[in-house]
Each structure stands twice: as C-alpha cells, then as structure tokens.
Amino acid sequence: MRKYLKYILMGLFALISLVSIPISCTITRANYKLEVERIDNLSKDFILAMDLSSLESLERAGVEYHDFKGHKRNPFYVLKSVGITHIRVRLWNDPFDSNGNSYGGGACDINNLISLSKRAKANKLKLILDFHYSDFWADPANQRLPKTWKGISLAEKAHRLYHYTSSTLAKLKSKGIIPDIVELGNEIDNGLLEETDIINISRLLKEGIRAVNNSNASIRTAVHYASTKDESKTRFFAKELKKNGVDYDIFSLSYYPNWHGSMANLEYVLKKVKEENKCQVMIMEAAYPYTLRDSDYTKNQIESKLPELEYEVSYQGQANFIRDLVDAVNKVGGIGIAYWEGLWIKAPGDDYLAMRDTWEQYGCGIATSKAAEYYGVANVSPQGSACDNQALFDWDGHPLPSLRVFKLLRRGN
Ligand code: CA
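Scoring rules and cut-offs
Residues numbered from 1 in each chain as written. Predicted model: local features only at pLDDT ≥ 70, side-chain atom pairs only at ≥ 80, totals over all residues. Heavy atoms only, no water. Pairing = 2+ DSSP bridges. Helix = DSSP H or I, 4+ residues; strand = E, 2+ residues; numbered from the N terminus. Axes fitted to C-alpha atoms, helices over the stretch in contact; angles between N-to-C directions. Contact = heavy atoms within 4.5 Å. Parallel < 35°, antiparallel > 145°, perpendicular 65-115°, else oblique. Left-handed = near helix turned anticlockwise from the far one by under 90°. Salt bridge = Lys/Arg side-chain N within 4 Å of Asp/Glu carboxyl O. Buried < 20%, exposed > 50% of the residue type's maximum accessible area, 1.4 Å probe, protein only. 1 Å grid on protein atoms, 1.4 Å probe; cavity = no way out; pocket = protein on both sides within 12 Å on 5 of 7 lines; lining within 4 Å. Points joined across faces, edges and corners; volume = space filled by probe spheres on them. Nonpolar A, V, L, I, M, F, W, Y, C, P; charged D, E, K, R; others polar. Donors = N, O, S within 2.8 Å, 3.2 Å for Na, K, Ca; no water.

Caption draft 1: How the structure looks around the sheet that holds strand 7 (residues 280–286). Pairing within the closed barrel is parallel, and its eight strands lie in the order 1-2-3-4-5-6-7-8. Within this sheet the neighbouring strands show an average axis-to-axis angle of 25 degrees, counted without direction. Along the sheet, helix 7 (residues 231–243) contacts strand 5 (220–225) and strand 6 (250–255); its crossing angle with strand 5, the most-contacted strand, is approximately 145 degrees.

Right, dumping it as structure tokens:
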C-alpha cells in the first residue's frame, strides 16, 4: 500500500490542481482592481448602450453568459447591473437565402429584433433600432438594395422605405415596444439603397424621418456616418443633409480607433458638427481590444498593437478607452455612446470544423456559406467573429473586469 501512496498523493495533487485552475482564474478575475477616474458632470441621462444584435444566434448555438460571481445569468441582467441603459439592434430586411438559410451575422431579422427588444424592456433597457435597409451588412463599402427591391426607381425606393419603416415600427408597437432612437441607415458615407448622390440620399432620409415622426413623435431620429477621421468630410455631410431639409435629431458616428483617428480629433469633430447643425451628437459604434489573441480561427480586425491604439491592450486599457470616450462625448454635450457587439464571443466548438458547423447552422458568425447567393459569388467561406478580442465577455461568456467601467464612470474609484 505504502509504495502506491506516493502515486495516490501525486494523483490527488494533480486533481486538486486541475480543479483549482478555473477557481484561481475566477478569483483573479473577481479581484482584478480596475481603476476608473471619475467623470465630472456626466449628464444624468447619458446613453450607455450595448449593441448585442448577434446575441440570440449565439444563445441558440449554446453560448451561455455569466455574472461576475461566475453564475449563469441572463446577459440583460448583467448589462443592467453595470449601468447599461440601452441596447442597440440592427435590422435586415430579409437576411436569408432562397431556401430560408441564414446569411449569418446573427440572422438579424424582425423576429430577432422583437425578441431582443422584449427582453430589453423586461430589464428596463431602452432600444436603439438600427435600420440597415439591406438584407445583410451595410457599411461604407456596402449599401445593397434588398433583393425584392431590385430595379426600382428613386421614387419607389422612397415609397418603400417609408412603408417598411412604418410597418416595422407598427410591429414593435403591437408588442408594446417604442424605440428611443431610430437610426436611418447604417454608416451611409457612400450611399443608401444604392443611391450615392447626396440629394437622393437626403430624399430617402426625409422619408424615413417622416415615417418615424408619424409613428411616434417622441422617437429621436439618427443619421449614422463613419468617415470620422476626416473632419471636413464629416462636417460637410452633416451640413449638406440639413441644407437639403433632412431634419435629423442626432448625427452619430462610428469610432474604431484603428480606422477613425485620435480621440482628440473625434472630440473636435463632434463639437463642430453639433455647433454647426444645432443637433445632438453621439457615438453609435465603438470598440477596443482587451487582448491580441484570437478565439475562433477567424482573423480579427486588430491583431497587433497598432500605433493608432492610444491605450494598452488589456482589461484596464479597454476600460480607459471607454471612460475617455464617454468623457470626450460628454464634454462637447453629446448624448451618449454605443459599444459594438460586446457580447459577440466565440461559438461553441473545440476546433475549426466544429465551429464552422455552428456558424453554418445558427448564423452566429460574420457570414455563412449561404451568403454567396447574396453577394452573387461562387463561394463564401463561413466565418466566426473578427472582433471577439474587442468583446466585453471572455471566450466562455464571463464578463471582463472592464465591463465594470460603466458602473464606475460617475463615482470613480
Ligand atoms: Ca476571431
């Protein structure tokens, strides 16, 4: 017996070590001392929004979220507990191929919007609705018409945009949901519904605003732009819209520091746009990495410490970025910020093939192979997330220490 004792003790030690690894990780995470400098005079109704458009596709795939104590939790509860005030959800007209398969990107259709909005309401969170007016990703490089809108005139586009906006808001209203803010198009720098002339873009935006105002005059309308780094281009666009009679309430910008310039430049642009157009301003999308590691075999947008990154790549760096962004927006009288897809983490699966199957089945990655039909190409290779290292939850759905920054903005520590 004695000669085996050594091996029994070694085995026991190994077992304790195995068990204690996750425990010690949790303790380290729980004890992480995040330092947040208080923001003076942060407006009482400052919007701290979280875009979580992909959330339910991830949950269907089996992703679970936790609270800071490591218990499984409804992520809306966790967000509310740290001071998030709004959710932001993108809406695609028809993000499915001719056989009803998801193009991916969270399968963000009207059902997804309604479901997320109901959960937000149950947790006393408000809604920012982001119309892409497209069947899939709309951004400065893509503003494709919905597939059933092909070949129509500008007048017909305006007509459909009005009715699509109205009917979407009516569907939400029938579920007791009224958005706080409605965004008319996503990053429309280079066009909207395949219209690139600013006069035509203005005409479409006016129809969207009219639809929102006729639905409920209390909803604020937002234009969303992303040439943030180029202050003269941004100021010109904002002014031209007003000149053309686009009476938006909010001019909003994306701010990804790897693309969109320094925080000082951002503050300057926001200040100018606000002054020149007598409008509200906010940041509609922003994110920052806490690690340079990738979790899901899908190349991340930020893979190295680029010179443009003004903060550390760490929990503290990510929190400092958020804190300073809120401070910059608040200083110029802006109304809020939205963090982009802070819950978009890796899909379940231990290797590439397993994850690929999950992206294909649930549409919880950037794109499925079915997006080939949408793009009119032979193949699209399925992909996961290109920003899992900019999320505010870790690979296993535990909140990062940096998520606490929202709660500490007003009091610091
Ligand atoms: Ca990735």
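Now that the structure is up, let's keep going.
Caption draft 2: View of the packing of helix 5 (residues 154–174) against helix 6 (residues 198–215). Viewed as axis vectors pointing N to C, helix 5 and helix 6 meet at an angle of 25 degrees, and their least axial separation amounts to 9 Å. Between helix 5 and helix 6, the interaxial angle falls into the category roughly parallel. Judged by the twist between their axes, the crossing of helix 5 over helix 6 is right-handed. Across the interface between the two elements, Leu 154, Ala 155, Lys 157, Ala 158, Leu 161, Tyr 162, Thr 165, Ser 166, Leu 169 and Lys 173 of helix 5 pack against Asn 200, Arg 203, Leu 204, Glu 207, Gly 208, Arg 210, Ala 211, Val 212, Asn 214 and Ser 215 of helix 6.

Caption draft 3: Looking closely at the pattern of salt bridges. In this structure the tally under the stated criterion is 28 salt bridges. The partner of Glu 276 in a salt bridge is Lys 239, with the nearest N and O atoms 4.0 Å apart. Highlighted residues: Glu 276 in helix 8 (residues 263–277) and Lys 239 in helix 7, separated in sequence by 37 residues. Judged by its relative accessible area of 40%, Lys 239 falls in the partly exposed class. Residue Asp 327 is joined to Lys 331 by a salt bridge in which the shortest nitrogen-to-oxygen separation is 3.8 Å. With Asp 327 and Lys 331 both in helix 9 (residues 315–331) and four residues apart, the pair spans about one turn of that helix.

Caption draft 4: Representation of the layout of surface pockets. By volume, the largest pocket is sized at about 460 Å³. In terms of lining residues, the largest pocket is bounded by 24 residues, among which Trp 137, Asp 139, Glu 187, Gln 301 and Trp 340 are the most central. Partitioning the lining of the largest pocket into residue classes produces 12 nonpolar, five polar and seven charged.

Caption draft 5: Seen up close, the coordination of the calcium ion. Every protein donor of the calcium ion is accounted for by Asp 294 (OD), Asp 296 (OD), Thr 298 (O), Asn 300 (OD1), Ser 385 (O) and Asp 388 (OD), and the metal-donor separations fall at 2.2 to 2.4 Å. Mapped onto the polypeptide sequence, the residues donating to the calcium ion form the spacing pattern D-x1-D-x1-T-x1-N-x84-S-x2-D. Classification of Asp 296 by relative accessible area gives buried; the value is 1%.

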